[in-house]
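Structural features, examined
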Amino acid sequence: MEHLLSKEDLDFRARCQAYARDELRPLAKQLGEIDDVPEALRTSLRDSGLYGPLYPKAFGGQGLSAVRICLAREAMAGVFAPADTTYAMQGLGGYPIVLAGSEEQKQRFLPELAAGRRLTTFCLTEPEAGSDVSALQTTAMDAGDHFVVNGRKRFISNGFSADMGILFARTPLADKPNAISAFIVEKSMAGWNVDKRLALMASHDIVAFEIKDLRVPRTHLLGPVGGGFKLAMQTLDLMRMSVGAAALGMAQTALTESLRYSQARVQFGQPIVAFQSTAFKLADMAVEIEAARGLVYRAALKKDRGAADASYHSSIAKLYATEAAFRCIDQAVQIHGGVGVLRGSTVERLYREIRPLRVYEGTTEIQKVIIANHLLKAEKQKRK
Ligand code: COS
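Predicted, not measured: the structure shown is a model, and the values here were computed from it. (Residues numbered from 1 in each chain as written. Predicted model: local features only at pLDDT ≥ 70, side-chain atom pairs only at ≥ 80, totals over all residues. Heavy atoms only, no water.)

The next point concerns the pattern of salt bridges. The final tally for this structure, using the stated rule, is 23 salt bridges. Here Asp-9 makes a salt bridge to Arg-68, at a shortest N to O gap of 2.7 Å. Taken together, the residues span a long stretch of sequence, with Asp-9 in helix α1 (residues 7-31) and Arg-68 in helix α3 (residues 66-77) at a distance of 59 residues. Assigned by exposure class, Asp-9 and Arg-68 land together as buried. Between Glu-74 and Arg-293 there is a salt bridge, with its nearest N and O atoms 2.8 Å apart. (Salt bridge = Lys/Arg side-chain N within 4 Å of Asp/Glu carboxyl O. Helix = DSSP H or I, 4+ residues; strand = E, 2+ residues; numbered from the N terminus. Buried < 20%, exposed > 50% of the residue type's maximum accessible area, 1.4 Å probe, protein only.)

Structure representation (structure tokens):
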């Protein structure tokens, strides 16, 4: 893919890799498995300047770039997954403001987010609305100068540590009873309470919210009433391909570890890499990683060039890269044998860390729905 990236993008990639190697790796060792965003991680990410590509230059960013978001996630995820998650949430919880925010909202929130002075999150999922976003039950009732929100949110990443977030709720209109709207919510608002911290199989700050009579000023309504569903979908269009990039980073670490281990580990009088059954696993991993890299960066380039089918390619990239990374990491565990299932080994940690990526931001099955719908729609247009 190198030839498709600009010199500036390649320089950015080198910066991300150096940051991951020199800053994040020691930090990961120091912090271990975590379920929040400790101050040391907040500060490190803030000082890295890597939030820049998530935001336009006019609001303190370095210019929104899907390619660079992917490069940053790929570099971070293989080294310290919680850093990658925090980064991704800064995108999911910031991009809706970039897309739909008023000038005032943009001026107020985006520079803070771009500089990492505030952490944000994306409050979409509910107990009864996971894959089926349109089944949201949280309501925001119009009370003139404010909305009153009641409901529940679940599986909200960075929900414990975030200072603010984008909340999606039903705003029933006479002609549109199922309308969904988006709001900017802040931790300081009374009624936004963490109900429960959830324990995932791998390091993750993730919570459930109980929302009781949360008063959200009208000035915090994001985009038009009823515009929330499309805004959520457009946000996912950008961020899904970057989940593929994170998977890629994890798979690459699994391959690097497997290359090292299989040359050092001797069984039956020779390094296990001398057995074709091991060498072929390494080859299979390399093929899957290269294929995933191609799909992820093609999707990102399409997004940056404003291609009409960027959403379709984002789903393809997310689906393939997360599934391929899962297969690679599983092979890495097999190559490592007993060490691979030893709690705390790198590949054991990756095995737990990769699994949620096939679920969050749309399961593999939801990506297939989007891909198939795109194919059918394109076919229909051709016939017209
Ligand atoms: N961009 C802009 N508009 C979009 C869109 C997109 N990517 N995807 C859908 N829309 C629009 C459609 O064009 C349609 O508009 P009209 O009503 O004007 O025709 C509307 O939104 C409804 O679309 P659709 O009928 O496809 O909605 P569905 O309820 O069938 O749901 C899926 C579509 C399944 C794709 C959606 O619910 C989804 O992405 N689910 C997964 C959610 C997810 O990723 N959850 C994880 C949360 S974040 S960790």
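Moving on: the layout of surface pockets. Approximately 1,200 Å³ is the volume attributed to the largest pocket. In terms of lining residues, the largest pocket is bounded by 45 residues, among which Leu-236, Arg-240, Glu-361, Gly-362 and Ile-366 are the most central. Contributions of two or more residues to the lining of the largest pocket are made by α4 (81-92), β3 (146-157), α7 (228-264), α9 (310-336) and α11 (364-383). Ranked by residues supplied to the lining of the largest pocket, first place goes to α11 with 8 residues. Residues belonging to the lining of the largest pocket are distributed by class as follows: 23 nonpolar, 12 polar and 10 charged. Each pocket or cavity is described by its volume, and for the second largest pocket that value is around 820 Å³. Surrounding the second largest pocket, 29 residues form its lining, Arg-25, Gly-78, Val-79, Thr-253 and Arg-349 being those nearest its centre. The dominant element in the lining of the second largest pocket, judged by the number of residues it contributes, is α1, at 7 residues. (1 Å grid on protein atoms, 1.4 Å probe; cavity = no way out; pocket = protein on both sides within 12 Å on 5 of 7 lines; lining within 4 Å. Points joined across faces, edges and corners; volume = space filled by probe spheres on them. Nonpolar A, V, L, I, M, F, W, Y, C, P; charged D, E, K, R; others polar.)

Here we take up the side chain of His-146. Among the secondary structure elements, His-146 is positioned in strand β3. Judged by its relative accessible area of 13%, His-146 falls in the buried class.

Neighbouring the ligand are 17 residues; Ser-131, Lys-230, Asp-237, Arg-240 and Gly-362 lie closest to it. One nitrogen or oxygen atom from the main chain of Ser-131 is found 2.8 Å from a nitrogen atom belonging to the ligand. One of the side-chain nitrogen or oxygen atoms of Asp-237 is found 2.9 Å away from a nitrogen atom of the ligand. In isolation the ligand exposes 1,000 Å². Once the protein is present, 60% of that is buried. Listed by contribution, the elements that provide at least two residues to the shell around the ligand are α7 and α11. A total of 7 residues in the shell around the ligand trace back to one element, the largest contributor, which is α7. (Near = heavy atom within 4 Å. Polar contact = N/O pair within 3.5 Å; in protein donor to acceptor, adjacent residues only side chain to side chain. Areas by Shrake-Rupley, 256 points an atom, 1.4 Å probe, with all protein chains shown as cover.)

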